[in-house]
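Breakdown of the fold
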Amino acid sequence: ETLPTELRGAFSLAPKTDTGSAAAAKTNRAELEVANRATRGLPGAPLTVVEFVDYKCPNCLAQEPILKQVIAKYGNKLQLIIRQFPVESTHPGATELSEIAVCAGEQGRFWPVHDYLYANQAALPVPLSEGSLASLIQGAGLKADSLAACRESGRGERAVRVDYFDGLRFGVRGTPTFFFNGVKAEGVIPLSWWQKAFWW
């Protein structure tokens, strides 16, 4: 089941070599809306929105200021869950950024890193240089030793892989992809639609 096609905006379609051609599994919301991922809004709200993101994706960047407005105005009516879907073949370096974001979450700093990565999307080199990583650590208020330990342990990599392959199972073909209480929508969703959805 998907939302009406008129909701679909700019969308970064992944190559078939990344996503395969298997049909999407029936959406199991318990597996889709995992509890140990970064969230904004109200836990237990009537609407749960899952967004699959790629920090190198220009369409995810375009969606971000809209989402901030939605959370600011309607955050008491929804819960937003972020999951990672770095499409490395289209956006080199995206996987590294997703792993850093996940590891930042261990320090309670996921959202500062999330915001930093979008704000500096065009400027971040591939791979990250020592200087750019140091700037990210400072800009997002991270503990460098804790970040390094998480990355070296592979915890960030494993979490990103879980998100990516869950995305494939549920029919994610690129970014941004949303699930509204398990119903999929692809592409940038305009503020006007969110405003209509939350008129109540």
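Residues numbered from 1 in each chain as written. Predicted model: local features only at pLDDT ≥ 70, side-chain atom pairs only at ≥ 80, totals over all residues. Heavy atoms only, no water.

A look at the side chain of Asn59
Formally: Strands are runs of DSSP state E lasting at least two residues, helices are runs of H or I lasting at least four, and both sets are numbered from the N terminus onward. Note on contacts: a residue pair qualifies if any of its non-hydrogen atoms lie within 4.5 Å across the two residues.
On the secondary structure map, Asn59 appears in helix H3 (residues 58-74). Sequence-distant contacts of Asn59, that is, excluding residues within four places in its chain, are made with Ala10, Phe11, Ser12, Thr175, Pro176 and Val188.

A few points about the pairing of strand E3 (residues 47-53)
Selection rule: Relative accessibility thresholds used throughout: buried, under 20% of the residue-type maximum; exposed, over 50%; partly exposed, between the two (1.4 Å probe, protein chains only). In this description, strands pair whenever DSSP reports at least two bridges between them. Classification remark: right-handed applies to a crossover when, strands pointing away from the viewer, the course from the first strand over the helix to the second runs clockwise.
Counting buried residues along E3, seven of its seven residues qualify, which places the element largely inside the surrounding structure. Alternating positions in E3 separate into two faces, Leu47, Val49, Glu51 and Val53 on one and Thr48, Val50 and Phe52 on the other, with burial throughout. Relative to strand E4 (residues 78-84), E3 runs parallel, the two being bridged by seven bridges. If you follow Phe52 over to E4, its bridge partner there is Arg83. Read as a crossover between parallel neighbours, the route from E3 over H3 to E4 is right-handed.

A few points about the packing of aromatic side chains
Note the cut-off: Aromatic rings from Phe, Tyr and Trp, with only the six-membered ring used for Trp, were paired whenever their centres fell within 6.5 Å, and each pair was classed as stacked if the ring planes differed by under 30 degrees, edge-to-face if by over 60, and tilted otherwise. Only Lys NZ and Arg CZ are tested; either one counts as a charge over a ring when it is within 6 Å of the ring centre and within 35 degrees of the ring normal.
Per the stated rule, a full pass over the model turns up eleven aromatic pairs. An angle of 90 degrees between the planes, with centres 5.0 Å apart, marks the rings of Phe110 and Trp111 as edge-to-face. By the burial criterion, Phe110 is buried, and Trp111 matches it. Judged by centre distance (6.0 Å) and plane angle (35 degrees), the rings of Phe178 and Phe180 are tilted. Linked through ring pairs, Phe52, Phe85, Tyr164, Phe165 and Phe179 together constitute an aromatic cluster. Directly above the ring of Phe170 sits Arg169, whose terminal nitrogen or CZ lies 4.8 Å from the centroid.

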